[in-house]
Each structure stands twice: as C-alpha cells, then as structure tokens.
Amino acid sequence: MLCPLFADTCMTQRATRLLHLLDELRRRRKPVRGALLAERLGVSLRTLYRDIDALRGQGADIIGDPGVGYQLRAGFLLPQMMFSAEELEAVVLGTRWVASHADPELAAAAGAALDRMIGVLPETLRLQVETSGLFAPQWRPVEPEPWLPALRRAIRAGNAVRIQYRDGEGRTSERVIWPFAMAFLADMRLLAAWCEMRGDFRHFRADRMVALVDTGQRYPEQRHTLLKRWNDARRRRRGA
C-alpha cells in the first residue's frame, strides 16, 4: 500500500503537470506536436498521451491525435462553473491586489493565475475581465521582506523556522517558532506562530525579523490544529 504522504505528493505533482500542460496548450494558436509538448514538460510521450486523455476526461476540448498535433479550444472548465459579475470582479481585484502587494514570487504566481483564468473564459467573460475598471494601486508603503517566500513555504509544509527577532524596544532574541498563518496588511506582514521559547502563541512582524532559516523539520502538530487552538485562544481573550 502506498504511503498516504507519497500518494498525496504524486497527486499534487500530477495536478501541477496537468496545469502546465493546459498552459502550454492555451498559449498555442495552432496545433502543437506531442513530442514538443512532452519535451517542454519533461515527460515521456506515453505520459503525455495519458495526460491528454485525463484532461479530455475532465472536459477539456482538446482536438488532435498523435502524429497530427493537439490544440485546446477556448472555454474549458470555468464556463461550467460560471461567475456572477460581482464574483468575477472580486477574483480579478483580489488577484491584482496580490500581484501589486505581495513578494515577487507570489506576485508572479498571481499574475500567472489570472492569465490562466482569462485564457479559459468564454469570449464575453474574457472581455469583461480585460476591460475591468477595478485596479489595485501599484505601490507599496514598504518593500516586502526577502524571507516572505521562505515563510510561506514553511507555513505550507508545516516546518519550524529559526529566527532572530528584534522587538519594539530594539532587543534581539533568537527563537524557534512554528508558523501557521500570515496576514498581508497594507503596511506590514504579520505572522502567527507557536513560539517554543515562550510555550505559547505569538505574533511576529516580518519587518522586525533580522534573520530566518527554515529548519526543514516539520513541527509536531498539524497546522489546522494550531489554527483551531489559536482561534479558540483569541475567542477566550475576547470573552474575558
């Protein structure tokens, strides 16, 4: 029997590969040969053909055959879900806010996600997005801290990180924390974590971190458990 973690990793890798295949097809205005797609994705032709069949099984309108080439027709997936005007504007505005306020890595991902969404919308909704008058300001009160990508990955993986932290009075301490949530405020990034030194939940401003190293070690609790305990503690404090 496959280890659940290994199975989850394989499923994630396959889902990522299918998204990359969709991106490759979406960018092409003419049929593209399977061999070229396989080379671009770093997979065998057999794997590529299986992935094409998987996407077709999920509703992707991919025309073509081996030896002829493949082409994706517009209108895959999102038209089946559909969006109201308000939902579409919320998605576009939120994505543009991330692109203009987050760290460069996350900003690039937001732009790619918006491009992917636009690429699969039907023409009427695509025009609505491309001519939307809702924009996020292209300015930052302060530049994003260089360790934000490392923090986001640690939160995603459930890894402990070692930080040097300077408090509001200028005192510096070194501690190991278990990060599980981060808020992107207008003028700062605020991290919620369990602090091993204090044995309690603490909030840390990313701009007060002097140094950060991901230990590569998973902390002993599940992230969703920490989130629940943190929320329970906040509710108790509000009720006190």
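Structural data are supplied above this passage.
Cut-offs and rules
By convention here, each chain's residues receive numbers from 1 onward along its written sequence. For a predicted model such as this one, the threshold for reporting local features is a pLDDT of at least 70, and the threshold for listing and counting side-chain atom pairs is 80 or more; totals across whole chains, interfaces and linings nevertheless cover every residue. To get the side-chain values, take all heavy atoms of the structure and skip hydrogens and water. Paired strands are those between which DSSP finds at least two bridges. Only runs of H or I of at least four residues qualify as helices and only runs of E of at least two qualify as strands under DSSP, and these elements are numbered from the N terminus. Inter-axis angles, ranging from 0 to 180 degrees, are taken between N-to-C directions of lines fitted to C-alpha atoms, where helices are fitted over the stretch in contact. Joining through side-chain atoms within 4.5 Å is the link that ties buried Ala, Val, Leu, Ile, Met, Phe, Trp, Tyr and Cys residues into a set, and such a set is a nonpolar core. When a residue's accessible area, from a 1.4 Å probe over protein chains only, is under 20% of the maximum for its type it is buried; when over 50% it is exposed; and in between it is partly exposed. Any two residues whose heavy atoms approach within 4.5 Å are treated as being in contact. Note: the arc covers the axis-to-C-beta directions of the helix. Within 3.5 Å is the distance limit for a polar contact, defined as a pair of N or O atoms, with the added protein rule that one can donate a hydrogen and the other accept it, and that residues adjacent in sequence qualify only through two side-chain atoms.

J.: Would you mind showing me how to read the sheet that holds strand β3 (residues 159-166) here?
T.: Sheets are built from strands that pair by backbone hydrogen bonding, the pairs being arranged parallel or antiparallel. The strand order across the open sheet formed by five strands is β6-β5-β4-β3-β7, and the pairing between neighbours is antiparallel. The two strands at the open ends of the sheet, each matched to only one other strand, are β6 (200-205) and β7 (209-218). Between one strand and the next, the sheet's axes are offset by a mean angle of 40 degrees, whatever the strand orientation. Examined bridge by bridge, strand β4 (residues 172-184) and strand β5 (residues 189-195) share seven bridges and lie antiparallel to one another.

J.: Whenever I open this one, the nonpolar core confuses me. Can you help?
T.: Soluble globular proteins tend to bury their nonpolar side chains together. Counting 17 residues, the largest nonpolar core has L151, I163, I177, L191, F204, M209 and L212 as the members making the most contacts within it. Sorting the residues of this core by element identifies α8 (148-157), β3, β4, β5 and β7 as the ones contributing at least two each. If near-sequence neighbours (up to four positions away) are discounted, I177 is found in contact with A160, V161, I163, L191, A193, W194, C195 and F204. In this structure, L22, L48, A60 and Y70 belong to the second largest nonpolar core, which totals 15 residues.

J.: What's the story with helix α7 (residues 123-130) in this structure? I'm lost.
T.: Along an α-helix, residues three or four positions apart point the same way, because every turn accommodates 3.6 residues. Of all the positions in α7, only L125, R126 and V129 are classed as buried. Relative to the axis of α7, the buried residues are bounded by an arc of 105 degrees and lie together on one face. Facing away from the buried side of α7, by more than 90 degrees, are the exposed residues E123 and T124. On its buried face, α7 sits against α5 (85-101) and α6 (104-120).

J.: Any chance you could explain the side chain of E24 here in plain terms?
T.: As for its position among the elements, E24 is in helix α1 (residues 4-27). For E24, a relative accessible area of 8% gives the class buried. Only 3.1 Å separates the side chain of E24 from the side chain of R28, close enough to count as a polar contact. Setting aside its immediate chain neighbours within four residues, E24 contacts L37, R40 and L41.

Keep in mind these values describe shape, not function.
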